[in-house]
Structures are given as structure tokens and as C-alpha cells.
Amino acid sequence: MIRAMTTSRVLLTHASEGEPVLDLATGDLSFDGMAWHFPADLQDGDVVVHVARGRRTAVVSVATVVRRAGEPAYYAHEDLLSRPVVDTTFWRATARALPTRSVVLNDGERWLDDLERLRYLPAPWPVLDASACTDPARIQRAVLEDGDVADIGRCAGCRGRLSTGHPHLEGSVLFFLCDRCHDTVHHPFGPTVAGLAAHHAPVCPRCGSRDTVEILYGMPPGPVPDDVPIGGCVLDPSGPDLACRTCGHWFRSDRLEPA
Ligand SMILES: [Zn+2]
Ligand SMILES: [Zn+2]
Ligand SMILES: [Zn+2]
């Protein structure tokens, strides 16, 4: 619960370096390597609103300061928002922009009330606007522009099998993602689809490299780039489907231990 004593000052502070890192396994944010600006006169009872910049700028946590005479200040309590409040969400709901610099907020109580309300806003995806991905006209256009829309049977992020995939637009490129991967790429500190795919890329069982590519079977529709391995015309369902670009080993991905 974000709440200030009525007499508290509310400070908004920006991270000065780095970006928070989203742990893809747990969905938790890590703020290691980030520094926050504080005023020299940080006082006991001050409330600090932390803003971080990822793919979007967002409020990530709110903390209350304890400062006793002659001792360094510390946080009594830090409330980490599991759904960071993104700049555009805040603006749409309040018609106020998140300050781009660290400031003491006028009417801090009102800012805290707004954050408290917005952190629990029901959204089809956790935080970042996904309206492009639900717009049939834009999806249609992307399909027309990119005729060979990737394998709809597998998630473009984690390679898991899809029964129903979410169409997801990155620029004008269309991907199909599972629920979990779609949530992840719409997180303001989440990876791109390519980043997610690299994270989930199968590891070569011989050398441990993640630089693996699918082997191309059958008659290619056109010229094949040099670095795509050619498997021949006969597809053996139990044969290798991936090749390692680091050591050249061919292997079957569904026989690997789950990562
Ligand atoms: Zn997925
Ligand atoms: Zn999407
Ligand atoms: Zn290898």
C-alpha cells in the first residue's frame, strides 16, 4: 500500500545509469548497477518514488525514508510494484506527465493516490500498451507485407508449441507468441522478441553454445544464405533439426534436457 503521512514530502527520483534487468524465469526486476539521486536534505519520513528507464519509463517502487540524527538514512519499507506504472499509462489516467528529472512533487499525496490506483489497473497484458497486437487492420497489413509469417505452430520467443498464439507486432514485423512470452515482451523492461528467442535458444549438447540454427530440409524456395545448414530433401522425423554454428554439431532439439 502506497501511502504517505500527510506531512511527508514526496520525492521523485530517476535512476542515473543502467537499466533494470528483468529476470525471465521469475519476472522479477533487478536494480543492481543503478544509482538514484537524492537531495542532500533527505529527511525522516520522506517518501521516495523511483523511476527507471527501460524500453519505457516507469515508476518501479515507492519507499519511506528513516533518518535519525547522526545516522545514515535508510528505507524503512520499500514497495516494489510488480506492475511498474508506465509513463503513458500515467499520462492517460491523470493527464499529468511523469517528471523527466528528480524533483520534490507538489501535492505528493495525490501522486501517491494515483500510483496506488494505477498499479492494480486490470490490463490484458501486464504493463505495456499492446493495442497494436489486437488491431485486426494492422495485423492484416503485416501478414500481407510479410507473406511467410513464421511458423505459427511454435512460439517465436520460447519455441514452445502453440495451440493459440498471440499475434505480436514489433514495428511492422509480425510474430506469434505464447501468453507468457507476450507478457514478457510487453513488460517495459522486457526484451525484444529476438532477445527472448536468444535467451531460449537451445544449447548445443557438444560445446554449450547458444548460437544454434534450424536445419533446412526440402527444396528451398530461393537462394539460401551461406550460414543456413541444408539437410537434404528427405525429412527424417527423428533426425537432427538444429545445427550449432560454433562447432558444427547437428542435434535433435526435442531430445535435449529442458533448460
Ligand atoms: Zn513463448
Ligand atoms: Zn504484443
Ligand atoms: Zn556446438
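### Some details on the sheet that holds strand β7 (residues 103-104)
Part 1 of the reasoning: Pairing is mixed in the open sheet, where five strands are placed in the order β6-β5-β4-β1-β7. At either end of the open sheet lies a strand with only one pairing partner, and these are β6 (74-86) and β7.
Part 2 of the reasoning: As paired elements, strand β1 (residues 10-14) and β7 share two bridges and run antiparallel to each other. Residue L12 lies in a different strand from β7, and its bridge partner there is V103.
Part 3 of the reasoning: Sheet strands touched by helix α1 (residues 87-94): β5 (57-66) and β6. Its angle to β6, the strand with the most contacts, is close to 85°.

### Re unusual backbone geometry
Part 1 of the reasoning: Even without a glycine there, the phi angle at A95 is positive, about 60°.
Part 2 of the reasoning: With respect to the secondary-structure elements, A95 resides in the loop between α1 and β7.
Part 3 of the reasoning: On the basis of relative accessible area, A95 is assigned to the exposed category, the value being 60%.

### Things to note about the nonpolar core
Proteins that are soluble and globular tend to have nonpolar side chains buried together.
Part 1 of the reasoning: Counting residues in each nonpolar core, the largest one holds 23 residues, and the members touching the most others are C155, L169, L174, L177, C181 and F189.
Part 2 of the reasoning: At the level of secondary structure, the elements contributing two or more residues to this core comprise β5, α3 (136-145), β9 (173-177), α4 (179-185) and α5 (193-200).
Part 3 of the reasoning: The element that contributes the greatest number of residues to this core is β9, accounting for three residues.
Part 4 of the reasoning: The two domains that each donate at least three residues to this core are domain 1 (10-118) and domain 2 (123-200).
Part 5 of the reasoning: What C181 contacts, discounting residues up to four positions off in sequence, is C155, G157, C158 and L196.
Part 6 of the reasoning: Counting 16 residues, the second largest nonpolar core, distinct from the first, contains V51, V59, L98 and L112.

### Here's the deal with the coordination of the zinc ion (ligand 3)
Part 1 of the reasoning: Distances from the zinc ion (ligand 3) to its protein donors, C204 (SG), C207 (SG), C244 (SG) and C247 (SG), fall at 2.3 to 2.4 Å.
Part 2 of the reasoning: What the four donor atoms of the zinc ion (ligand 3) show is an angle range of 104 to 115° at the metal, which sorts the shape as tetrahedral.
Part 3 of the reasoning: Read N to C, the donor residues that coordinate the zinc ion (ligand 3) are spaced as C-x2-C-x36-C-x2-C. Here C247 lies in the loop between β13 (242-244) and β14 (250-251) and C207 lies in the loop between α5 and β10 (212-214), a separation of 40 residues in the sequence.

### Some points on the pairing of β5
Part 1 of the reasoning: In terms of residue burial, β5 counts as a mostly covered element, since nine of its 10 residues are buried.
Part 2 of the reasoning: Relative to β5, strand β4 (residues 47-53) runs antiparallel, the two sharing seven bridges. Counterpart to H50 in the pairing with β5 is S61.
Part 3 of the reasoning: If you look at the hairpin formed by β4 and β5, you'll find three residues sitting between the two strands.
Part 4 of the reasoning: In this structure, β5 lies alongside β6, joined through eight bridges in antiparallel fashion. Its bridge partner being in β6, V66 is matched across the sheet by Y74.

### Quick word on the side chain of S61
Part 1 of the reasoning: Mapping S61 onto the fold places it in strand β5.
Part 2 of the reasoning: Within polar-contact distance, the side chain of S61 engages the side chain of E78 at 2.6 Å.
Part 3 of the reasoning: Apart from the residues within four sequence positions on either side, S61 is in contact with V48, V49, H50, E78, D79, L80 and L81.

### Comments concerning the sheet that holds β14
Part 1 of the reasoning: Spatially, three strands are ordered β10-β13-β14 in an open sheet, and the strand pairing comes out antiparallel. In this open sheet, the two strands that pair with only one neighbour each are β10 and β14.
Part 2 of the reasoning: Relative to β13, β10 runs antiparallel, the two sharing three bridges. Note that in β13 the partner of T212 across the bridge is C244.

Definitions and cut-offs
Residues numbered from 1 in each chain as written. Chains lettered and ligands numbered in written order. Predicted model: local features only at pLDDT ≥ 70, side-chain atom pairs only at ≥ 80, totals over all residues. Heavy atoms only, no water. Pairing = 2+ DSSP bridges. Helix = DSSP H or I, 4+ residues; strand = E, 2+ residues; numbered from the N terminus. Contact = heavy atoms within 4.5 Å. Axes fitted to C-alpha atoms, helices over the stretch in contact; angles between N-to-C directions. Buried < 20%, exposed > 50% of the residue type's maximum accessible area, 1.4 Å probe, protein only. Core = buried A, V, L, I, M, F, W, Y, C linked by side-chain atoms within 4.5 Å. Domains from an automatic or database assignment. Donors = N, O, S within 2.8 Å, 3.2 Å for Na, K, Ca; no water. Tetrahedral: all angles 85-135°; square planar, octahedral: opposite > 155°, others 65-115°. Polar contact = N/O pair within 3.5 Å; in protein donor to acceptor, adjacent residues only side chain to side chain.

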